[in-house]
Amino acid sequence: MAYQVVIPAAGQGKRMGAGRNKLFLPLDGIPVLIHTLKVFEEDGECSGIILAIHPDDEQAFKQLLMQYGIQKVTSFVYGGKERQDSVYGGVKALAVDGTVLVHDGARPFIKQQTIHELVKAAEKDGAAIAAVPVKDTIKKAEDLQVTETIERSSLWAVQTPQAFRISVLRKAHEEAAKNDFVGTDDASLVERLPHKVVIIEGDYDNIKLTTPEDVYFAEAILRKRQNQGRLSF
Ligand SMILES: Nc1ccn([C@@H]2O[C@H](COP(=O)(O)OP(=O)(O)OP(=O)(O)O)[C@@H](O)[C@H]2O)c(=O)n1
Ligand SMILES: C[C@](O)(CO)[C@H](O)COP(=O)(O)O
């Protein structure tokens, strides 16, 4: 059940428009990234965290890790232009084989139960991703004219963590790099090997903080959990 986790945290947060890496933004006074890291820091099954960061953020992140007592970060890697490049840098830093999770630093509300279900599924099938059923109707369009409505019953909104046997994820990134393929998630690289990817149904509140509205949603989720006594920093 032990696993390592690669946390891409090297983005610029352009869509958030905060003028800095959105992972420094406070939620109830605690930076987004610290909320995310604490879930893994406090999980006995997590054997190490590999953090992909922008060089400009290195000192600030290291100071936060000390301030909040995060001790499981085993290595820092510098992120790349795309999220995929940052994750690949983390994958290269993985020492031994076993199970690895890739989890966005911008998703602070992941639950340990989901993590453990993903690890078990990846140990069995090699690749497993968190996702939730789509609630909206999804359509394709060209020049703002609808071209197709996608049958909703088979659609899933995919999140992270995404869990993999390390050998599978490493091969997927190597093949993608060889073929100049860029995907928006790691599972898409594994699918094209091809390799089976299974879904573990997660939670709608496992949001990715992307645009300013997401900060309001995040504050509401945090309050809900604090009222349920789940969070006590
Ligand atoms: N080159 C990149 C781009 C993104 N990320 C990380 O991948 C996660 C998901 O990416 P996203 O939400 O798109 O973050 P940003 O790239 O910062 O956002 P934007 O696209 O709005 O700039 C985030 O934790 C982000 O820090 C990364 O490590 N390296
Ligand atoms: C990996 C991901 O979080 C799955 O939904 C998403 O694809 C990341 O997209 P981003 O634009 O890099 O944030």
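- Within an unreviewed UniProt entry, the label attached to the protein chain reads 2-C-methyl-D-erythritol 4-phosphate cytidylyltransferase, and the organism entered is Mesobacillus foraminis.
- Annotation of the protein chain in UniProt includes, under Sequence similarities (unreviewed entry), the sentence "Belongs to the IspD/TarI cytidylyltransferase family. IspD subfamily."
- Of the protein chain, the UniProt comment under Catalytic activity (unreviewed entry) reads exactly: "2-C-methyl-D-erythritol 4-phosphate + CTP + H(+) = 4-CDP-2-C-methyl-D-erythritol + diphosphate".

## Considerations on the site of ligand 2
Reasoning step 1: Every residue lining ligand 2 is accounted for by Arg 15, Arg 83, Asp 104, Arg 107, Val 158, Thr 160, Thr 184, Asp 185 and Lys 208.
Reasoning step 2: Arg 15 places a polar side-chain atom, nitrogen or oxygen, 3.0 Å from an oxygen atom of ligand 2.
Reasoning step 3: Here Asp 104 contributes a side-chain N or O atom positioned 2.6 Å from an oxygen atom of ligand 2.
Reasoning step 4: When ligand 2 is considered free in solution it has 360 Å² of accessible area, and contact with the protein chains removes 75% of it.
Reasoning step 5: In terms of residue class, the shell around ligand 2 is built from one nonpolar, two polar and six charged.

## A word on helix α3 (residues 83-92)
Reasoning step 1: By the burial criterion, the buried members of α3 are Gln 84, Ser 86, Val 87, Tyr 88, Gly 90 and Val 91.
Reasoning step 2: Against the buried residues of α3 lie β1 (3-8), β4 (46-53), β5 (73-78), β6 (99-102), α5 (166-178) and α6 (186-191).

## As for the side chain of Asn 206
Reasoning step 1: Its location among the elements puts Asn 206 in the loop between β11 (198-201) and α7 (212-227).
Reasoning step 2: In this structure the side chain of Asn 206 is engaged in a polar contact, spanning 2.8 Å, whose partner is the side chain of Gln 159.
Reasoning step 3: The residues touching Asn 206, leaving out its near neighbours within four places in the chain, are His 103, Arg 107, Phe 109, Ile 110, Gln 159, Thr 160 and Pro 161.

## Observations concerning the environment of Ala 177
Reasoning step 1: Tracing the backbone through its elements, the reader meets Ala 177 in helix α5.
Reasoning step 2: Remark: the alpha-carbon pair of Ala 177 and Lys 38, spanning 139 residues in sequence, is separated by 32 Å.

## Some remarks on the UniProt feature "site: Transition state stabilizer" (unreviewed entry) in the protein chain
Reasoning step 1: Using the residue numbers shown here, the UniProt feature "site: Transition state stabilizer" (unreviewed entry) corresponds to Arg 15 and Lys 22.
Reasoning step 2: Relative to the assigned elements, Arg 15 resides in the loop between β1 and β2 (26-27).
Reasoning step 3: A relative accessible area of 58% means that Arg 15 is categorised as exposed.
Reasoning step 4: Apart from residues no more than four positions distant in its own chain, Arg 15 is found in contact with Lys 208, Thr 210, Thr 211 and Pro 212.
Reasoning step 5: The residue Lys 22 is located in the loop between β1 and β2 in this model.
Reasoning step 6: By relative accessible area, Lys 22 is classed as buried at 13%.
Reasoning step 7: The contacts of Lys 22, once residues within four sequence positions are left out, are Gly 13, Met 16, Val 32, Ala 106, Leu 209 and Thr 210.

## As for a nonpolar patch on the surface
Reasoning step 1: Residues Trp 156, Val 158 and Ile 199 make up a contiguous nonpolar surface patch of about 230 Å² in total accessible area.
Reasoning step 2: Here Val 158 shows up in strand β10 (residues 156-165).

## A look at the site of ligand 1
Reasoning step 1: The full set close to ligand 1 counts 19 residues, and Gly 13, Lys 14, Arg 15, Lys 22 and Ser 86 are the nearest of them.
Reasoning step 2: One of the backbone nitrogen or oxygen atoms of Ala 10 is found 2.8 Å away from an oxygen atom of ligand 1.
Reasoning step 3: Tallied by class, residues from the shell around ligand 1 come to five nonpolar, six polar and eight charged.

Rules and cut-offs
Residues numbered from 1 in each chain as written. Chains lettered and ligands numbered in written order. Predicted model: local features only at pLDDT ≥ 70, side-chain atom pairs only at ≥ 80, totals over all residues. Heavy atoms only, no water. UniProt positions renumbered as here; feature names shortened; annotations may be inferred. Near = heavy atom within 4 Å. Polar contact = N/O pair within 3.5 Å; in protein donor to acceptor, adjacent residues only side chain to side chain. Areas by Shrake-Rupley, 256 points an atom, 1.4 Å probe, with all protein chains shown as cover. Nonpolar A, V, L, I, M, F, W, Y, C, P; charged D, E, K, R; others polar. Buried < 20%, exposed > 50% of the residue type's maximum accessible area, 1.4 Å probe, protein only. Helix = DSSP H or I, 4+ residues; strand = E, 2+ residues; numbered from the N terminus. Contact = heavy atoms within 4.5 Å. Patch = residues over 30% accessible without salt bridge, like charges linked within 9 Å, V, L, I, M, F, W, Y side chains within 5 Å. Salt bridge = Lys/Arg side-chain N within 4 Å of Asp/Glu carboxyl O.

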